[in-house]
Amino acid sequence: LEEPPRELPAAVHNLSIAGSNLSILPRAAFAARPLRDLRLLRLSHDNIHTIEDMALQGLPALRTLDLSHNPLLSVAAGAFAGVPLLRTLQLNQALLAAPLEEQLALAMQNLTLRRLELAGNALQALPASLLPPGLEELDLRNNSLQRLAAAELRSLEAPELRGLRLNLGSNPLSCDCALRPFLAWLRSAGSRVLDARSLRCAGPPALRGAALLRLRPEGLVCSASEGGEPGQLETASYVFFGIVLALIGIVFLMVLYLNRRGIKRWLHNLREACRDQMEGYHYRYEQDADPRCASAVGTP
């Protein structure tokens, strides 16, 4: 299919078009025969890259729209006009082809969404501009989030988003000192993250696979080379190194103590050898300095 089918029952409630080559959703794409009772429209894997103004005109009862797995490049500001009852928008793996956050923010500004799915889009930060007031559920699984920063957490505490619940699984969470604000928020508002118990650290290596809710804030460290505070692991390594050096010193002193007689004898022999050597040098010096020896050597 390269365009939505025109011959559809007027009373259809659910419509799924998957695996086609629609490419563009033009204006009034479904208006040839209005589907006034359509509640769910799935358009996943349809190679859609452009959604024009009023593309969904003629679907006044639409509540769920699935545009997942499409290489979206352009979304018009009025793309979702004409669907005032839309409550669920699914855009999983649909924002990988181009940065569309600003375009989507304009297109969604008149919607009253309750659920937004953005899984698998390589997002590195919370898309604050895509969170309309009253949003109740946000799916951010399988993105590239290392943490939620303090500013992002404050935005989630805004009155219009206090009822928002998140899914954050399968993100490469970095369990260093920068994660502490998020960990504190997660413990105080854990019910807002639906999969909080399944969240795991992706790094550093020492904490890989560790459950976030079992971590202690003081255990989240940053090395000085990363511009953070010296970590406990780094400090512990220095302490361990110092202990090893101290043990080596103690062992060395014990060896000296246990072999004190042999060492004393060795020092005595060394002293005697040095004295004999010095006496030999002294004797030769006196012999060379004796004038009689010098004249005897000079006489033919």
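For the structure, check the block above.
As the structure is a prediction and not an experimental result, all values here were calculated from the model. Starting from 1, residues in each chain are numbered consecutively following that chain's sequence as written. Local features in this predicted model are restricted to residues whose pLDDT is 70 or higher, and side-chain atom pairs enter the listing and the counts only when it is 80 or higher, whereas totals over whole chains, interfaces and linings include all residues. Processing note: side-chain calculations cover all non-hydrogen atoms of the structure and skip hydrogens and water entirely.

**Considerations on the pattern of salt bridges**
When a carboxyl oxygen of Asp or Glu lies within 4 Å of a side-chain nitrogen of Lys or Arg, that pair is called a salt bridge. Considering all chains together, one arrives at nine salt bridges under this definition. Two residues, Glu157 and Arg192, come together in a salt bridge whose shortest N-O distance is 3.2 Å. Residue Glu157 is located in the loop between helix 2 (150-156) and strand 10 (165-167), and its partner Arg192 is located in the loop between helix 3 (180-188) and strand 12 (201-203); the two are separated by 35 residues in the primary sequence. Exposure categories follow from relative accessible area, calculated using a 1.4 Å probe and restricted to protein chains: below 20% of the type maximum is buried, above 50% is exposed, and the middle band is partly exposed. Take Glu157: its relative accessible area is 32%, and that puts it in the partly exposed class. For Arg192, a relative accessible area of 9% translates into the label buried. Through salt bridges with shared partners, a single ionic network connects Arg115, Glu117 and Glu137. Under the DSSP-based scheme used, a helix requires at least four consecutive residues in state H or I and a strand at least two consecutive residues in state E, with every element numbered from the N terminus.

**A few points about the state of the cysteines**
Note on terminology: disulfide denotes any pair of cysteine sulfur atoms within 2.5 Å. Throughout the structure, instances matching the rule amount to two disulfides. One disulfide bridge connects Cys175 with Cys201, the sulfur atoms lying 1.9 Å from each other. A torsion of -95° about the S-S bond marks the disulfide between Cys175 and Cys201 as left-handed. Placement of Cys175 in the loop between strand 11 (173-174) and helix 3 and of Cys201 in strand 12 is noted, with a sequence separation of 26 residues between them. With respect to burial, Cys175 and Cys201 carry one shared label: buried. Bridging Cys177 to Cys222, the disulfide has an S-S length of 2.1 Å. Because the torsion about its S-S bond is -100°, the bridge between Cys177 and Cys222 counts as left-handed. Highlighted residues: Cys177 in the loop between strand 11 and helix 3 and Cys222 in the loop between strand 12 and helix 4 (232-258), separated in sequence by 45 residues.

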